[in-house]
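# Overview (structure and organization)
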Amino acid sequence: MTTTLLNTHDEHFLRRFRTKERVMRLSHEEVEMLHRTSERGDAYAQYGYGRWLYFKNPFEGAIQEAEVLFDRSKDVLSDSLAAYSQMLRYGETSVTRPSDMDVEGSKQLLRQAIGRGSTYAAMTDARKRIFGIYCEAEPAKVANEVEQLINTEIDYDTLWLCLLALAYEKMDRQDDAIRCYEQALGRGEQDAYFFLAATYLQRGNMALYEEYMEEGIRQDCALCMFYQADMSEENFNALDATEQAKIHQNIDERLHRGLELGDGTCAYYLWYHHYYGELGFPEDLEKAFDYLEDGVRLADTTCIKQMVTEARAGCLPPSRTLSPTEIGELALKAARYCPDDEEALSELRRVDDPAFLLRHKEEMERYWMPLFEQLPEEELDDDDGRYDAWA
């Protein structure tokens, strides 16, 4: 990011902050420039630095600092209002608003941001409507809207092509989805490598899956960096020692690069392989849980759920402890990020800590208890006191 671009205050500046993957590609110098300029009251820099703090979460209090920056700049910059609305959606505010999740308030602010011309808000709304996240799923309607946009605008953000592809996938139009991802690649959208690879994996075309994953790695696509980390120990052991060493080194380097780029899936695999001592990684519980904490810090739902599971099973290393309230907070975080994840909902339903339930009573009754009723019944002891805290 050059000084000229930083001071341009236009759509091209904003595009660099619309996804975690784009934000995490900022250089150290760019981040420092954003930080310095944000302290001088520049709304665009406040938004940009806030997005970096939000996704990177590099220190205790970073999320709260991002909240303040979005709040300061949201009246000037509609994309900042959209980012602030998402913090309400996930219950991540604590300085400017209460920390409970507020879906209705988030929707209201998102509509305001859309009305003020925020492309990020429009993209967020489109994604929610594709998948039916706290709204009716309408991928065909979204697809029609995006088709009109890309047919009438010349200089549109290539993320629209990826969103159109997701809508096509929900409509079982796989060939059209592939075409969109290929168009996105042609316009420089690096993350499309992963989406193309995943599409071909679903089709059982391993050759094209591997080709796109490997090219994505060469293009520094964070989403591709877990490539080969899901190899079975049996297949790894079938290789000769030279090949094992090569595969291990490649996986290790890719996972650490992915973690550097903020990908929580890479944190999960680094935890897994150090936890079990597989694929040539040394068994090291302390290091394993360092990586799992990295994944939690990066808001990766799989890592959050795994931390809850390990804590409940009493498998955390002696140097780490989580109180029942802290376990409840993690379970709630996972459910907030993935409200359609039955495993996350089941973990949240198990929380019986009185302090947690009292603190989040309104949110639990408003959003989560109705979803609990849709889950399969659990086998409970006759009187385990699980719901006594609600009395």
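Notes on the structure follow. (Residues numbered from 1 in each chain as written. Predicted model: local features only at pLDDT ≥ 70, side-chain atom pairs only at ≥ 80, totals over all residues. Heavy atoms only, no water.)

### Notes on the overall build of the protein chain
Counting its regular elements, the protein chain contains 23 helices and 0 strands. Sequence-distant contacts, at least 24 apart, represent 56% of the contacts inside the protein chain between residues at least 6 apart. Accessible area for the protein chain stands at about 18,600 Å²; split by element, carbon and sulfur atoms hold 47% of it. On the protein chain, the mean spot of the 43 positive side-chain charges and the mean spot of the 77 negative ones are 6 Å from each other. (Helix = DSSP H or I, 4+ residues; strand = E, 2+ residues; numbered from the N terminus. Contact = heavy atoms within 4.5 Å. Areas by Shrake-Rupley, 256 points an atom, 1.4 Å probe, with all protein chains shown as cover. Lys, Arg positive; Asp, Glu negative; His and termini not counted. Charge placed at Lys NZ, Arg CZ, Asp CG, Glu CD.)

### A closer look at the packing of helix α8 (residues 103-115) against helix α9 (residues 119-131)
Remark: α8 packs on α9, axes separated minimally by 8 Å, with the N-to-C direction vectors making an angle of 130°. By the angle between their axes, α8 is oblique relative to α9. Along the contact surface, α8 presents Leu-110, Ala-113 and Ile-114, while α9 presents Ala-121, Ala-122, Thr-124, Asp-125 and Lys-128. (Axes fitted to C-alpha atoms, helices over the stretch in contact; angles between N-to-C directions. Parallel < 35°, antiparallel > 145°, perpendicular 65-115°, else oblique.)

### What about the nonpolar core?
Counting 122 residues, the largest nonpolar core has Trp-160, Leu-255, Leu-348 and Trp-368 as the members making the most contacts within it. Counting residues per element, this core draws most heavily on helix α11 (residues 159-170), which supplies 10 residues. Each residue touching Trp-368, except ones within four places of it in the same chain, is listed here: Met-101, Tyr-134, Leu-332, Ala-335, Arg-336, Pro-339, Leu-345, Leu-348 and Glu-363. (Core = buried A, V, L, I, M, F, W, Y, C linked by side-chain atoms within 4.5 Å. Buried < 20%, exposed > 50% of the residue type's maximum accessible area, 1.4 Å probe, protein only.)

### A few points about the packing of helix α19 (residues 301-312) against helix α21 (residues 342-349)
Closest axis-to-axis distance for the α19/α21 pair is 11 Å, and the angle between their directions is 40°. The angle between the axes of α19 and α21 places the two elements in the oblique class. Every pair of crossing elements has a handedness; the one defined by α19 and α21 is left-handed. Residues Lys-305, Val-308, Thr-309 and Arg-312 of α19 touch α21, and the partners they reach there are Glu-343, Ala-344 and Glu-347. For the contact of α19 with α21, the per-class residue count stands at 2 nonpolar, 1 polar and 4 charged. (Left-handed = near helix turned anticlockwise from the far one by under 90°. Nonpolar A, V, L, I, M, F, W, Y, C, P; charged D, E, K, R; others polar.)

### Things to note about the pattern of salt bridges
Opposite charge on two side chains permits them to pair, given that their charged atoms come into close proximity. Taken as a whole and assessed by the stated rule, the structure comprises 31 salt bridges. With a shortest N-O distance of 2.6 Å, Glu-189 and Arg-22 are connected by a salt bridge. Of this pair, Glu-189 sits in the loop between α12 (174-186) and α13 (192-202) while Arg-22 sits in helix α3 (residues 20-23), and the two are 167 residues apart along the sequence. Summarising the burial analysis for this pair, Glu-189 and Arg-22 share the class buried. Residues participating in the shared-partner salt-bridge network are Glu-11, Arg-15, Arg-18, Arg-22, Asp-79, Asp-155, Asp-157 and Glu-189. (Salt bridge = Lys/Arg side-chain N within 4 Å of Asp/Glu carboxyl O.)

### Notes on the state of the cysteines
This model, assessed by the stated rule, comprises 0 disulfides. Lacking any disulfide linkage, Cys-180 is separated from the closest cysteine sulfur, that of Cys-162, by 8.7 Å. Given a relative accessible area of 0%, Cys-180 falls into the buried group. Not engaged in a disulfide, the cysteine Cys-315 finds its nearest cysteine sulfur in Cys-303; these two sulfurs lie 16 Å apart. (Disulfide = S-S within 2.5 Å.)

### Some words on the packing of aromatic side chains
Applying the stated criterion across every chain yields a total of 23 aromatic pairs. Geometrically, the ring pair formed by Tyr-200 and Tyr-212 is stacked, given 5.8 Å between the ring centres and 0° between the ring planes. You can see Tyr-200 sitting in helix α13 and its partner Tyr-212 sitting in helix α14 (residues 206-218), a full 12 residues away along the chain. A relative accessible area of 10% means that Tyr-200 is categorised as buried. A centroid spacing of 6.1 Å and a plane angle of 5° characterise the contact between Phe-226 and Tyr-269, whose relative ring orientation is stacked. Pair noted here: Phe-226 is in the loop between α14 and α15 (233-237) and Tyr-269 is in helix α17 (residues 264-276), with a separation of 43 residues, a long-range link. Judged on exposure class, the residue Phe-226 and its partner Tyr-269 are both buried. A network of ring pairs unites the aromatic residues Tyr-181, Phe-194, Phe-195, Phe-226, Tyr-268, Tyr-269, Trp-271, Tyr-272, Tyr-275, Tyr-276 and Phe-289 as a single cluster. Cation over ring: Arg-51 sits above Tyr-120, and NZ or CZ is 4.5 Å from the ring centre. Positioned above the aromatic ring of Tyr-84, the side-chain terminus of Lys-74 is 5.3 Å from the ring centre. (Phe/Tyr/Trp six-rings, centres within 6.5 Å; stacked < 30°, edge-to-face > 60°. Lys NZ or Arg CZ within 6 Å of the ring centre and 35° of its normal.)

### Quick notes on the side chain of Glu-278
Turning to its location among the elements, Glu-278 is positioned in the loop between α17 and α18 (285-297). Although Glu-278 is buried, it forms no salt bridge, and the closest oppositely charged side chain is Arg-254 at an N-O distance of 15 Å. If we skip the residues at most four places from it in the chain, Glu-278 touches Glu-233, Tyr-272 and His-273.

None of the figures reported here should be taken as evidence of function without further support.
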